[in-house]
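Chains, contacts and geometry: an overview
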Amino acid sequence: MAFHLVLFLLLLTHRTTGQDSEDPDALPTGCGWGLGRPYTLLCDLDSIWGVAVESAAAGGVLAAILLALVLLCRVRHISEAEKRSGVGPILLLLLGVVGLFGLSFAYLIEQDETLCLLQRALWGLLFALCFSCLLVQGVRLRRVGRERRGPGGCALSGLALGLSAVQGIIAAEWLLLTVLREGRAACQYLPMDFSLACSYVLALLLAALTAAALALCGKSRRWRCSAVWLLVTCLLSLLLWAAWVGFYLYGNSWLEKSPEWNDPALAIALVAQGWLLLIFHAIPESHICLKPPPQPTAPDYFDTSQNSTRLRETSFDEDIPLSHRQFVENQGYGYNDENTAGLRSGSSAGQHNSNTGARPSAPFRSNVYQPTEMTMILNGGAVSTSSQSQVPSAPPTYTGRQLW
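Model, not experiment: these values are computed from the prediction. (Residues numbered from 1 in each chain as written. Predicted model: local features only at pLDDT ≥ 70, side-chain atom pairs only at ≥ 80, totals over all residues. Heavy atoms only, no water.)

Before going further, it helps to examine the pattern of salt bridges. All chains considered together, the criterion is met by 3 salt bridges. Note that glutamate 80 and lysine 83 form a salt bridge whose closest N and O atoms lie 3.3 Å from each other. By relative accessible area, lysine 83 is classed as buried at 7%. Measuring nitrogen to oxygen at the nearest pair gives 2.9 Å for the salt bridge that ties glutamate 182 to arginine 184. Classification of arginine 184 as partly exposed rests on a relative accessible area of 41%. (Salt bridge = Lys/Arg side-chain N within 4 Å of Asp/Glu carboxyl O. Buried < 20%, exposed > 50% of the residue type's maximum accessible area, 1.4 Å probe, protein only.)

This is the structure:
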């Protein structure tokens, strides 16, 4: 699908190329406001691909800047450390996306030595920066899914910058070998050499795809949505790279449009990759990071895996004042005036008639021991009245105990 889109946009340039060869001094339609050569593709209405790439790139730059500002303004409201660690790679990715959109304008201007040096130096570096951010996001999601905590945002950003610096060294060595040592012009290079110089970028993309697949296999389901978006982004980026590399190496030669359609193919690839990263990774990941955490639900007191301190903090008794709490007073061992009188009468009767051993009065016998609810449950709910029973019980008319 991406191959057909690139081919359709490039076929629209054939008409403009023929018109420019007939009258090179005439200004194209739409360039009457002082924009002449070498900026004709920015305003040429006959060459629709230039205007389309310019509009898409300008809109992408605006969207990336607005998203970065939203993240910077709301980063203090992100309370979870796992989400806050992903903000740094997202901001770094947005920086790389803005660079991709900005570099596409360099292919809409007629080439000179300065522009060719800029294109060859920044092409692989910007792609390496974006794919390094995808790789560190996969590493973060993998670690969060396994250990429930992720690395810091500064560490992830530093890792992404270090990985992308390798491509900068490769591009610098390529320019030094071909331009300074061999004395070639900066705009004279083979498409195969340009593609081989981006081999490290393709390796980063494959590593990011592997990390996203591993993150998707994690135990935690909370971060599975982010892993799915990352995997989709890597897959679509891989298909896009296969499309533009195949067209750049073999499609132009097969259509016999190799010198003329090289720059349009690269400009379309830059804009397509930038929007792909914005739609399928930067925007969904930013939404996940800025999403407020779920509200805590009522604790399950039968779940032993919960923290005991949380159960104590949510006790309902702490919300009730001490004066309003209801206590069940066990009056089994309480002594009041009746109990004291019963004791005295029992003791005096025992002194006068020690042989018969008169029993205490009824109030004393009713307050010696009162069975608790657990005792009645163990007795099967029956109140024993047998003289041989070891568990005395209260009379049925006793109302001293307050049942719940």
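Moving on, there is more to tell.
It is worth spelling out helix α9 (residues 199–216) at this point. With 18 residues, α9 should cover 26 Å at 1.5 Å per step; its first-to-last C-alpha distance of 26 Å lies within 8% of that length. Regarding α9, the residues found buried are Val201, Leu204, Leu205, Ala208, Leu209, Ala211, Ala212 and Ala215. The buried residues of α9 occupy an angular sector of 165 degrees when projected down its axis, which confines them to one face. Buried residues along α9 sit against α6 (113–147), α7 (153–181) and α10 (224–255). (Helix = DSSP H or I, 4+ residues; strand = E, 2+ residues; numbered from the N terminus. Expected span 1.5 Å × (residues − 1). Arc of directions from axis to C-beta. Contact = heavy atoms within 4.5 Å.)

Following the criterion strictly, the structure yields 15 aromatic pairs and no others. Geometrically, the ring pair formed by tryptophan 123 and phenylalanine 194 is tilted, given 5.5 Å between the ring centres and 55 degrees between the ring planes. Residue tryptophan 123 is found in helix α6, and its partner phenylalanine 194 is found in helix α8 (residues 191–196); the two are separated by 71 residues along the sequence. Accessibility expressed as a relative area gives 0% for tryptophan 123, which makes it buried. Ring centres of tryptophan 174 and phenylalanine 194 lie 6.3 Å apart, and the angle between their planes is 55 degrees; this geometry places the pair in the tilted category. Residue tryptophan 174 is located in helix α7, and its partner phenylalanine 194 is located in helix α8; the two are separated by 20 residues in the primary sequence. When its relative accessible area of 13% is taken as the criterion, tryptophan 174 is described as buried. Judged by its relative accessible area of 2%, phenylalanine 194 falls in the buried class. (Phe/Tyr/Trp six-rings, centres within 6.5 Å; stacked < 30°, edge-to-face > 60°.)

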